[in-house]
Amino acid sequence: MTSVARVRAFVQSPHAPARRGVILSAVAAGMTTLLTIFSIVLMAVAPEAPAGILLLMFTMMALPTAAHLYFGLRGRPKGQTVDLDVLPGEVRATEGGFVVRARDVIGASTAPLAGKLLLSLETKDAAAPHALLFDDLESLESVRRALGLQHGGTGAVAWPVKHGTLRWFGIIGALTAMVCTGVNMLMMLAWPFLLAWPRKTASGERVGLTAAGVTHGGVTYPYDWIEGATATGIPKSLTLWRAGQMYANIPCPALAIDEIERVAAQINAAARRARGEVVHRESALERLALVRRGASEPRRSWLARLEALSSSVGADNYRAAPVGIEDLWKLAEDSDEPVENRVGAARMLLRARGPEVRARVDAALANVREPETRLRVALEAPPDVAGEVLENLESEGDPARMMARRL
């Protein structure tokens, strides 16, 4: 049985779940179509009665106008404090409505904010990062481990600073409802498709956090050049400071002031990390010199060597084994380590301890951003086949590469 940890956090997503928006917009389009047909029939049956023409005006003008303005101008959902179930490779709200899977994560970053710990989490289908606020480090760490997030940041995180397609589509739709009902009906039918992919309709102008620095408009501001970042309310903007003077000012009309403050907090934390203000972690790989692949060692030879080494780990005199079993577990479960090292440790554990550790191995690697079938091949196939899979495993699933397509 999979163990479930439960933590409490304040969660705010950039938009309502896409499925809910698609359903609401489909209902609105369907109601408009049905009521229009009904009003036309009513006018034909009772041409002298005003009900038909009034209903037609409502369905062709008032209802579409309200729908366009609602879907185009609606703000982000209010944040709320919820219980989160933390499982291997997944975090979800206990009551439903919010779920993040490790394989969907593009980037993440952490920062202190107003006495709490902020996790900005970007996923494939979200228009902007999710914001999670934790009261204690233990809760944040449990979520970080479940999703395979690294201490120094994972991939890249970016916030759209201007309003996207939906806003302008809603305004134009509301205007056409007054003058061109035929075009307006087509625009009503387009809403379910637009709302199904919020990321594609978001603004392409973003302020992002990458490994190199803060990016905006094709310019990268290195972290070690940034003394600090602050949020400004009127007009809404993000200011970067250097040597006590304004280094850059980035207008953010699409972000609420609290969102800009979160971006500033993440930039300040990233700048401190760039200056060396980091908490050094203990790496099990440093104690496992025999497990590390040599710089020129082919993966096939490395995996074959690990298989031979596994026999000593599983022997009866395991206390005298050259590799400690607990160090192998720490390596396999550490999301800060490269995937190939984690897979190598997991292969050793499976061969040394057999099927009895299969469930724990699966849980340890559930936060790896790779298809389960390929990961299983890397774990179970012979060294020559597994080596080929491992060679491309990290490069294809690397969050930084995934995010680079958007920045």
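Please read these numbers as outputs of a predicted model, since none were measured by experiment.

Draft legend 1. Inspection of the sheet that holds strand 15 (residues 245–251) at higher detail. Taken in spatial order, the three strands line up as 13-14-15 in an open sheet, and their pairing is antiparallel. Sheet topology places strand 13 (228–232) and strand 15 at the edges, where each strand pairs with a single neighbour. The mean inter-strand angle of the sheet, taken between neighbouring strand axes irrespective of direction, is 25°. Across five bridges, the pairing between strand 13 and strand 14 (residues 237–242) is antiparallel.

Draft legend 2. Up close: the packing of helix 10 (residues 339–353) against helix 12 (residues 372–380). Between helix 10 and helix 12, the least distance of the axes is 8 Å, while the angle of their chain directions is 60°. Between helix 10 and helix 12, the crossing angle belongs to the class labelled oblique. Once helix 10 is placed against helix 12, the crossing between them reads as right-handed. For the pair formed by helix 10 and helix 12, the contact residues are Val 343, Ala 346, Arg 347, Leu 350 and Arg 351 on the first element and Leu 375, Val 377, Ala 378, Leu 379 and Glu 380 on the second. In terms of residue class, the contact of helix 10 with helix 12 is built from seven nonpolar, no polar and three charged.

Draft legend 3. Just a nonpolar patch on the surface, in detail. A cluster of nonpolar side chains, Ile 23, Val 27 and Met 31, forms an exposed patch at the surface whose accessible area comes to about 260 Å². Relative to the helices and strands, Met 31 resides in helix 1 (residues 18–45).

Draft legend 4. Looking closely at the environment of Trp 329. Along the chain, the position of Trp 329 falls in helix 9 (residues 325–333). Put simply, Trp 329 and Ala 345 are 16 residues apart on the chain and 7.3 Å apart in space, counted from C-alpha to C-alpha. Excluding residues that lie within four positions of it along the chain, Trp 329 makes contacts with Leu 349, Val 357, Arg 360 and Val 361.

Rules used in this analysis
- Residues numbered from 1 in each chain as written.
- Predicted model: local features only at pLDDT ≥ 70, side-chain atom pairs only at ≥ 80, totals over all residues.
- Heavy atoms only, no water.
- Pairing = 2+ DSSP bridges.
- Helix = DSSP H or I, 4+ residues; strand = E, 2+ residues; numbered from the N terminus.
- Axes fitted to C-alpha atoms, helices over the stretch in contact; angles between N-to-C directions.
- Parallel < 35°, antiparallel > 145°, perpendicular 65-115°, else oblique.
- Left-handed = near helix turned anticlockwise from the far one by under 90°.
- Contact = heavy atoms within 4.5 Å.
- Nonpolar A, V, L, I, M, F, W, Y, C, P; charged D, E, K, R; others polar.
- Patch = residues over 30% accessible without salt bridge, like charges linked within 9 Å, V, L, I, M, F, W, Y side chains within 5 Å.
- Areas by Shrake-Rupley, 256 points an atom, 1.4 Å probe, with all protein chains shown as cover.
- Salt bridge = Lys/Arg side-chain N within 4 Å of Asp/Glu carboxyl O.

By themselves these figures say nothing about function.
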